[in-house]
Amino acid sequence: MLTTLQTAYSDTRAADLAWALGREPLPALAVLDLDLAGAGLQMRLLGASHQVLLEEERGTCSETVACIPGSSTPLPLGVSKRLGEWEYEFAARVETLSEGSFAGRAQELLALVADHPHGLAGTFPGSPHAFTAMLAQRTEGQVRWRTWHAYPQEGQLVVTRTRVGVRMPAAAF
C-alpha cells in the first residue's frame, strides 16, 4: 500500500533517528494491520518514521524508530534482546547515495513495497523521494520486517531489519 502522508515534510536528518522498545502506540499517519499466521502485526507510519506493534499468544513487542524529541537512545547498529519467550534482533545501516542513485533507489523501493500485500509506504509532500517504507513477513515461526527511511536532502537512506522469534531452549550436554 502506497499513500501520501498528510503532514508537512520537515528537514529531519538520518542522525536524528532514535530507537525504542516497548513504547505505547504513537499517533500514526498511516496504518496497515496484518495477520501473519496467527501473529497480529500493525505497521504504523509516523510523522517522523515508523512503529511496529506485534501481538501473539506468547506476548507483545513494540518497536519505534523515529525522531523522538528528548530521546536518549540513538539508532543502534544492532541490538539482540530476550523479550520473554522471544529473541528480538534489530540491525540498522545508513546508505549514502549520489543524487541520481538516490532517485533510482527510491523509485525501486517504492515500487517493491507499493503493491506488496504486506507492504506499507508513505511519501511526504514536498519531495518525491522523501518516504518511509515497510515490508513484513513470517517464515519458520519468525516475524521479520524491513524498513527504509529516505532523507533526500542528505542523500541518505536508513535501512533497518528486525527479526522476532521464539527463543530456542539451551541444548543440554
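Residues numbered from 1 in each chain as written. Predicted model: local features only at pLDDT ≥ 70, side-chain atom pairs only at ≥ 80, totals over all residues. Heavy atoms only, no water.

Caption draft 1: The arrangement of the side chain of Q142 in detail. Of note, Q142 is situated in strand β11 (residues 142-151). At 2.6 Å, the side chain of Q142 and the side chain of R144 are in polar contact. Each residue touching Q142, except ones within four places of it in the same chain, is listed here: Q137, R163, V164 and G165. (Helix = DSSP H or I, 4+ residues; strand = E, 2+ residues; numbered from the N terminus. Polar contact = N/O pair within 3.5 Å; in protein donor to acceptor, adjacent residues only side chain to side chain. Contact = heavy atoms within 4.5 Å.)

Caption draft 2: Main features of the packing of aromatic side chains. Scanning the entire structure with this criterion turns up two aromatic pairs. Pairing W19 with Y88 gives two aromatic rings, centres 6.3 Å apart and planes at 35°, and the pair type is tilted. One end of the pair, W19, is in strand β2 (residues 18-21); the other, Y88, is in strand β8 (residues 86-96), and 69 residues separate them in sequence. Note on accessibility: W19 and Y88 belong to one class, buried. A ring pair is formed by W19 and F90, whose centres lie 6.0 Å apart and whose planes are at 35°; its orientation type is tilted. A residue pair is termed long-range when its members are at least 10 positions apart, and W19 in strand β2 and F90 in strand β8 qualify at 71 residues. Of the two residues, W19 and F90, neither departs from the other in class, the shared state being buried. Among the aromatic residues, those joined into a ring-pair cluster are W19, Y88 and F90. (Phe/Tyr/Trp six-rings, centres within 6.5 Å; stacked < 30°, edge-to-face > 60°. Buried < 20%, exposed > 50% of the residue type's maximum accessible area, 1.4 Å probe, protein only.)

Caption draft 3: How the structure looks around the pairing of strand β6 (residues 59-66). Counting buried residues along β6, six of its eight residues qualify, which places the element largely inside the surrounding structure. Pairing of β2 with β6 involves four bridges; the strand directions are antiparallel. In the sheet register, L21 faces β6, and the bridge partner there is E63. As paired strands, strand β5 (residues 49-56) and β6 are joined by eight bridges and run antiparallel to one another. By the bridge assignment, Q51 is partnered in β6 with T64. (Pairing = 2+ DSSP bridges.)

Keep in mind that these numbers describe shape and distance, not what the molecule does.
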